[in-house]
Amino acid sequence: MSRKSGSQKRKQIKEVPKREVDRCFETFDQHYQHPINRVIQWIALPVFTFAVLGLVWMVPFPELAFLKKHGYDTFVNWGSFFIAGMVYYYLRLAPTLSYAMLLTVGVFSFFIVQLEYVEQGGGPAVWVVCACLLMTSLLVLYIGKGMEKNAVPFRSFLRFLVMGPLWLWHFVFRKLNIPY
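The shown structure was predicted, so the numbers you read here are calculated from the model rather than taken from an experiment.

By secondary structure assignment, the location of Glu 148 is in the loop between α7 (126-146) and α8 (154-175). Lacking a salt bridge, the buried Glu 148 has Arg 38 as its closest oppositely charged neighbour, with an N-O distance of 6.1 Å. Side-chain polar atoms of Glu 148 contact the backbone nitrogen of Gln 33, separated by 2.9 Å. Of the polar contacts made by the side chain of Glu 148, one reaches the side chain of Asn 37; its length is 2.6 Å. Here Glu 148 is in contact with His 31, Tyr 32, Gln 33, His 34 and Asn 37, once residues within four sequence places are set aside.

With that settled, the discussion passes to the environment of Phe 81. Within the element layout of this structure, Phe 81 appears in helix α5 (residues 78-93). Relative accessible area serves as the criterion here: at 48%, Phe 81 is assigned to the partly exposed category. A C-alpha to C-alpha distance of 9.3 Å links Phe 81 and Trp 57, two positions 24 residues apart in sequence. Among residues more than four places away in sequence, those in contact with Phe 81 are Phe 61 and Val 76.

Before going further, it helps to examine the packing of aromatic side chains. Each aromatic ring pair is described using two quantities: the centre-to-centre distance and the angle formed by the ring planes. Here the structure, examined in full by the defined rule, presents 16 aromatic pairs. Ring centres of Phe 160 and Trp 167 lie 5.5 Å apart, and the angle between their planes is 75°; this geometry places the pair in the edge-to-face category. Pair check on accessibility: Phe 160 and Trp 167 agree, each one buried. Feature note: the residues Phe 28, Tyr 32, Trp 42, Phe 160, Trp 167 and Phe 171 constitute an aromatic cluster, connected by ring pairs.

What describes two packed helices is the angle between their axes and the distance between those same axes. Taken N-terminus to C-terminus, the directions of helix α6 (residues 95-120) and α8 make an angle of 110°; their axes are 10 Å apart at the nearest point. By the angle class used here, α6 and α8 are roughly perpendicular. Of the two elements, α6 crosses α8, and the hand of that crossing is right-handed. Where α6 approaches α8, its residues Thr 96, Leu 97, Ser 98, Ala 100, Met 101 and Thr 104 are matched on the opposing element by Pro 165, Leu 166, Trp 169, His 170 and Phe 173.

Definitions and cut-offs
- Residues numbered from 1 in each chain as written.
- Predicted model: local features only at pLDDT ≥ 70, side-chain atom pairs only at ≥ 80, totals over all residues.
- Heavy atoms only, no water.
- Helix = DSSP H or I, 4+ residues; strand = E, 2+ residues; numbered from the N terminus.
- Buried < 20%, exposed > 50% of the residue type's maximum accessible area, 1.4 Å probe, protein only.
- Lys, Arg positive; Asp, Glu negative; His and termini not counted.
- Salt bridge = Lys/Arg side-chain N within 4 Å of Asp/Glu carboxyl O.
- Polar contact = N/O pair within 3.5 Å; in protein donor to acceptor, adjacent residues only side chain to side chain.
- Contact = heavy atoms within 4.5 Å.
- Phe/Tyr/Trp six-rings, centres within 6.5 Å; stacked < 30°, edge-to-face > 60°.
- Axes fitted to C-alpha atoms, helices over the stretch in contact; angles between N-to-C directions.
- Parallel < 35°, antiparallel > 145°, perpendicular 65-115°, else oblique.
- Left-handed = near helix turned anticlockwise from the far one by under 90°.

And the structure:
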């Protein structure tokens with residue numbers, strides 16, 4: 001019967017399997033290293049997320065009598081369902097980061113409502129503003145992707161668009177030493 005040394009036991013204990021979100025962040029870190037592209041991401045990813053949320057928000061929602069009767073018709077739209085699905089997905093990956101995303105989405109929602117007021121006052125349609133922001137941010141992100149030495153596969157780029165906002169928050173949490 002052989003006894004394992006103390007260092008071998010400690011080594012076994014320290015090896016904790018990585019969560020899916022950590023593996024995803026490591027992949028992003030490997031593929032997105034160019035300093036200018038990092039700046040682009042900090043600007044264009046939130047704009048992209050805002051634009052997607054704004055476009056989903058603007059899809060006409062059916063008028064439901066029971067919601068209108070209780071005054072909830074202004075709060076329920078396709079954006080509400082999109083937000084719920086997005087936060088649930090992020091919650092399953094990293095709970096603390098999902099709360100930060102919920103805060104972010106709350107701020108985005110405020111600005112989308114402000115854009116609705118601007119539209120009612122004779123300004124541009126919200127969907128037009130969001131479509132322009134979406135196209136611009138996608139173009140800028142795609143140009144930034146081209147700056148990388150390590151070619152980023154298109155599938156990885158699509159996943160980056162979904163996980164990107166959470167990835168940005170993980171840098172903030174890491175800097176503040178907040179576990180996620």
